[in-house]
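# Structural features, examined
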Amino acid sequence: MEKSVAEKIFDSVHRSYDKFLNFATFSKINKWQETLINATPNGKYILDIGTGTGEIVKKINQKIDKNSYIYALDISFNMLKVAKSKIGGENILFLKSDALKLPFKEKSLDNVYFSLVFRHLPALEITNQLKYVLKKDGYVSILEIAKPRSKILYNLILLFTDKMFRPIGRLIFSKQDWDYFVESIKNSMTKQELLEFFKSNGFTIHFYQSKLLGLIHIAVLKKQTEE
């Protein structure tokens, strides 16, 4: 089966991804992930979608009960190899799978995490998957780029990312890889769009905080109890 564009790209950047992410977030990514995890009421069965090099799984595993289980899912085999080299344990299962074809039963998970992944996915399609696999009162935890409400600021960010930041990015990524990341920024949501989207799809807001002058979402959404 031919690899998808996303799979090819993330397979190719697995060695440099952590270094680039730390640089691109001004060394804040670890702190933001800690905030997200601490704001989440974690249950027994936890899924991290787009686990990448495993940083957020490593942090979750340090905080949860050892009777809990973490499923680290990614479309990139190379990313999963890096993640598995960092962390291990009988309570962690690494899965190579498409996020839109989650291999879980209905109402089988307590938590689903996304760290800089949600914008890469079709929002309604993945949210329908979440509603299916999450238990009653399950939680979705999202760390993601936020689109500014100001169109002027938004255009400046795109300009900075695509023009001024490109020479640095191209030292690490190919042109195709870099174009993919820039294009994904256009799929980001404002705070209002993100929260209203989840409200309209059966979730309530458990926690929300913005970082980096409002350019980062840290959100925890609770699936409404079904009657």
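This text follows the structure it describes.
Remember, it's a predicted structure, so these values are computed and weren't measured experimentally.

## So, the side chain of Asn111
Considering the arrangement of structural elements, one finds Asn111 in strand S4 (residues 109–115). At a separation of 3.1 Å, a polar atom in the side chain of Asn111 contacts the main-chain carbonyl oxygen of Pro41. Here Asn111 is in contact with Thr40, Pro41, Asn42, Gly43, Tyr45, Ile46, Leu47, Leu134 and Tyr139, once residues within four sequence places are set aside.

## Points about a nonpolar patch on the surface
Among the surface-exposed residues, Ile152, Leu153 and Leu156 lie close enough to one another that they form a single nonpolar patch of about 300 Å² accessible area. Checked against the element boundaries, Leu156 lands in helix H7 (residues 151–164).

## With respect to the packing of helix H3 (residues 29–38) against helix H4 (residues 55–63)
For any two helices packed against each other, the geometry is given by the interaxial angle and the distance between the axes. At a minimum axis separation of 10 Å, H3 and H4 run at an interaxial angle of 45°. Taken together, the axes of H3 and H4 lie oblique to each other. Between H3 and H4 lies a crossing of right-handed hand. Across from Asn30, Gln33, Glu34, Leu36, Ile37 and Asn38 in H3, the residues of H4 making contact are Glu55, Ile56, Lys59, Ile60 and Lys63. Classifying every residue of the contact of H3 with H4 gives 4 nonpolar, 3 polar and 4 charged.

## Some thoughts on helix H5 (residues 77–86)
Among the residues making up H5, those that are buried are Asn78, Met79, Leu80, Val82 and Ala83. Elements in contact with the buried residues of H5: helix H1 (5–12), helix H2 (17–24), strand S2 (69–74) and strand S3 (92–96).

## Considerations on the packing of aromatic side chains
For the coordinates displayed, the defined rule picks out 7 aromatic pairs. Seen from their ring centres, Phe114 and Phe118 are 5.3 Å apart, and the 85° between their planes marks the pair as edge-to-face. By relative accessible area, Phe114 is classed as buried at 0%. On the basis of an interplanar angle of 40° and a centroid distance of 5.6 Å, the ring pair of Phe118 and Phe198 is categorised as tilted. Here Phe198 lies in helix H10 (residues 191–200) and Phe118 lies in the loop between S4 and helix H6 (123–133), a separation of 80 residues in the sequence. Taken individually, Phe118 and Phe198 each receive the classification buried, so the pair is uniform in this respect.

## Remarks on the pattern of salt bridges
Evaluation of the coordinates by the stated rule reveals 9 salt bridges. Two residues, Glu34 and Lys63, come together in a salt bridge whose shortest N-O distance is 3.3 Å. Taken as a pair, Glu34 in helix H3 and Lys63 in helix H4 lie far apart in primary sequence, 29 residues in all. Overall, the relative accessible area of 41% leaves Lys63 in the partly exposed class. One salt-bridge network, in which partners are shared between bridges, spans Asp18, Glu55, Lys58, Lys59 and Lys86.

## Points about the environment of Ile46
Relative to the assigned elements, Ile46 resides in strand S1 (residues 45–49). Judged by relative accessible area, Ile46 falls into the buried class, the value being 0%. Ignoring anything within four residues of it in the chain, the contact list for Ile46 reads Ile60, Ile64, Tyr69, Ile70, Tyr71, Asn111 and Tyr113.

## Notes on the pairing of strand S6 (residues 203–211)
Across 8 bridges, the pairing between S6 and strand S7 (residues 216–223) is antiparallel. Across the sheet, Gln209 pairs through a bridge with Ile218, a residue of S7. Between S6 and S7, which follow one another and run antiparallel, lie 4 residues, and Leu212 among them has a positive phi close to 55°.

## Some points on the environment of Ser188
The residue Ser188 is located in the loop between helix H9 (175–185) and H10 in this model. In this structure, the C-alpha to C-alpha distance between Ser188 and Lys147, residues 41 residues apart in sequence, is 5.5 Å. Those residues in contact with Ser188 that sit more than four places away from it in its chain are Arg119, Ile145, Ala146, Lys147 and Glu193. Within the structure, the side chain of Ser188 is placed 2.6 Å from the backbone oxygen of Ile185, a separation counted as a polar contact.

Thresholds, definitions, all that
- Residues numbered from 1 in each chain as written.
- Predicted model: local features only at pLDDT ≥ 70, side-chain atom pairs only at ≥ 80, totals over all residues.
- Heavy atoms only, no water.
- Helix = DSSP H or I, 4+ residues; strand = E, 2+ residues; numbered from the N terminus.
- Polar contact = N/O pair within 3.5 Å; in protein donor to acceptor, adjacent residues only side chain to side chain.
- Contact = heavy atoms within 4.5 Å.
- Patch = residues over 30% accessible without salt bridge, like charges linked within 9 Å, V, L, I, M, F, W, Y side chains within 5 Å.
- Areas by Shrake-Rupley, 256 points an atom, 1.4 Å probe, with all protein chains shown as cover.
- Salt bridge = Lys/Arg side-chain N within 4 Å of Asp/Glu carboxyl O.
- Axes fitted to C-alpha atoms, helices over the stretch in contact; angles between N-to-C directions.
- Parallel < 35°, antiparallel > 145°, perpendicular 65-115°, else oblique.
- Left-handed = near helix turned anticlockwise from the far one by under 90°.
- Nonpolar A, V, L, I, M, F, W, Y, C, P; charged D, E, K, R; others polar.
- Buried < 20%, exposed > 50% of the residue type's maximum accessible area, 1.4 Å probe, protein only.
- Phe/Tyr/Trp six-rings, centres within 6.5 Å; stacked < 30°, edge-to-face > 60°.
- Pairing = 2+ DSSP bridges.

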